[in-house]
Amino acid sequence: MSSASHTIHWLHHAGQRLGLLPALGGSVAAWQRTAAQGVVNLWRPWDGESNDLYTTASFPLVPWSNRIGHGGFAHNGITYPMAPNRVGEPYPIHGDGWLQPWEIRQPTANALEMVLESAHFGGGPYHYRALQRFVLREDGMDQLLEVTHLGPGSLPYGLGQHPAFLRTPSARLHAAVQGVWLSGNDPMPTAHTADFPPSWDPRTGMAVSGSLIDNAYTGWSGQAHIDWPEHGLRLHMREPAVLARGVNDGFCLLYRPPHGSHFCFEPVTHPIDAFHVDGQPGLQVLSTGQTLSQRVEWRFESLN
């Protein structure tokens, strides 16, 4: 399957198939599992037509995630302007890796990689090399995203993944978190709270349908899972680096639109507009040649 302009590169292994779209921002077209009831979409599949990355199954967030406010950011006494990069968004969002074509390669029979070198895309300050690696296993997939700073001096970096999931009436999201950033209509963060608004608490399982949520959660343990009772399926997400620290200091984002067939739960290394939060939580300053990595483990199991 391919569109008129974007070929899907398929990987088949262990009863799964993964389709990648290197020419469309290094995104994912589909991740599917063959089960007794037929093909099950582990991520919401791309429609095969749209050029909008927001319609794909997932896409990488590099060299930072979500929104940057105030027209840019300052680092080491230098101000770097950042222009909006998506129609309808007043702020630059999700970095620039998703706006560029990647190159694809297959290092092993059960893995695909995509690589990108980006130099000051759109007039921005970042010059970096990025790598995505997808490895299919018997029980799921291992996913790597890493970025290496190639420019002079240093800059703050962040990473994230933007997977989309299909909503069903009984689907539930479970995640151990400690707080959430509330936001205005932009939606930029305005205040942090440990008192979750009604239907916003994923600690004991929350509905993935309901009022709008487009917010960052804090104090994430590095583990989450989604249940689809209709399909007898549970999908686990783990970020080993967060788990290894053992202090529940991770970040994740939830996008729950009030309408539509999908929602997004995004593991990220920093909260929204971390460039303007005291201490720039989760951002990592990289000097020339230094690398930041994010690993996510996906595991599925039957609920029956």
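Higher on the page you've got the structure.
Residues numbered from 1 in each chain as written. Predicted model: local features only at pLDDT ≥ 70, side-chain atom pairs only at ≥ 80, totals over all residues. Heavy atoms only, no water.

Engineer: So what about the nonpolar core? Which residues, and what values?
Structural biologist: Core analysis: the biggest nonpolar cluster contains 61 residues, and Leu 18, Trp 31, Trp 43, Phe 165, Tyr 217, Phe 265 and Trp 298 have the highest contact counts within it. Excluding its chain neighbours within four sequence positions, the residues that come into contact with Leu 18 are His 9, Trp 10, Leu 11, Val 28, Ala 30, Trp 31, Phe 134, Leu 136 and Met 141. Core analysis: the second largest hydrophobic core is formed by 17 residues, Trp 46, Leu 61, Met 188 and Ile 272 among them. (Core = buried A, V, L, I, M, F, W, Y, C linked by side-chain atoms within 4.5 Å. Buried < 20%, exposed > 50% of the residue type's maximum accessible area, 1.4 Å probe, protein only. Contact = heavy atoms within 4.5 Å.)

Engineer: Let's hear about the sheet that holds strand 21 (residues 233–238): which residues, and what values?
Structural biologist: Taken in spatial order, the 9 strands of this open sheet run 8-9-10-11-25-21-20-15-18, and their pairing is antiparallel. Every other strand in the sheet has two partners, leaving strand 8 (103–108) and strand 18 (206–207) as the edge strands with one partner each. Pairing analysis gives 6 bridges linking strand 20 (residues 223–228) to strand 21, with the strands arranged antiparallel. From the neighbouring strand, His 225 faces strand 21, where its bridge partner is His 236. (Pairing = 2+ DSSP bridges. Helix = DSSP H or I, 4+ residues; strand = E, 2+ residues; numbered from the N terminus.)

Engineer: Could you give an account of the side chain of Gln 143, with specific residues and numbers?
Structural biologist: Inspection of the secondary structure assignment puts Gln 143 in strand 11 (residues 140–149). The exposure class of Gln 143 is buried, given its relative accessible area of 3%. In this structure the side chain of Gln 143 is engaged in a polar contact, spanning 2.9 Å, whose partner is the side chain of Trp 298. Each residue touching Gln 143, except ones within four places of it in the same chain, is listed here: Trp 43, Arg 133, Phe 134, Gln 161, Gln 294, Arg 295, Val 296 and Trp 298. (Polar contact = N/O pair within 3.5 Å; in protein donor to acceptor, adjacent residues only side chain to side chain.)

Engineer: Explain the side chain of Gln 16 to me, using residue names and the numbers behind them.
Structural biologist: One can find Gln 16 in strand 2 (residues 16–21). Overall, Gln 16 belongs to the buried group, its relative accessible area being 3%. In this structure the side chain of Gln 16 is engaged in a polar contact, spanning 2.6 Å, whose partner is the backbone oxygen of Arg 137. Beyond its immediate sequence surroundings of up to four residues, Gln 16 is in contact with Leu 11, Trp 31, Gln 32, Arg 33, Leu 136, Arg 137, Glu 138, Gly 140 and Phe 300.

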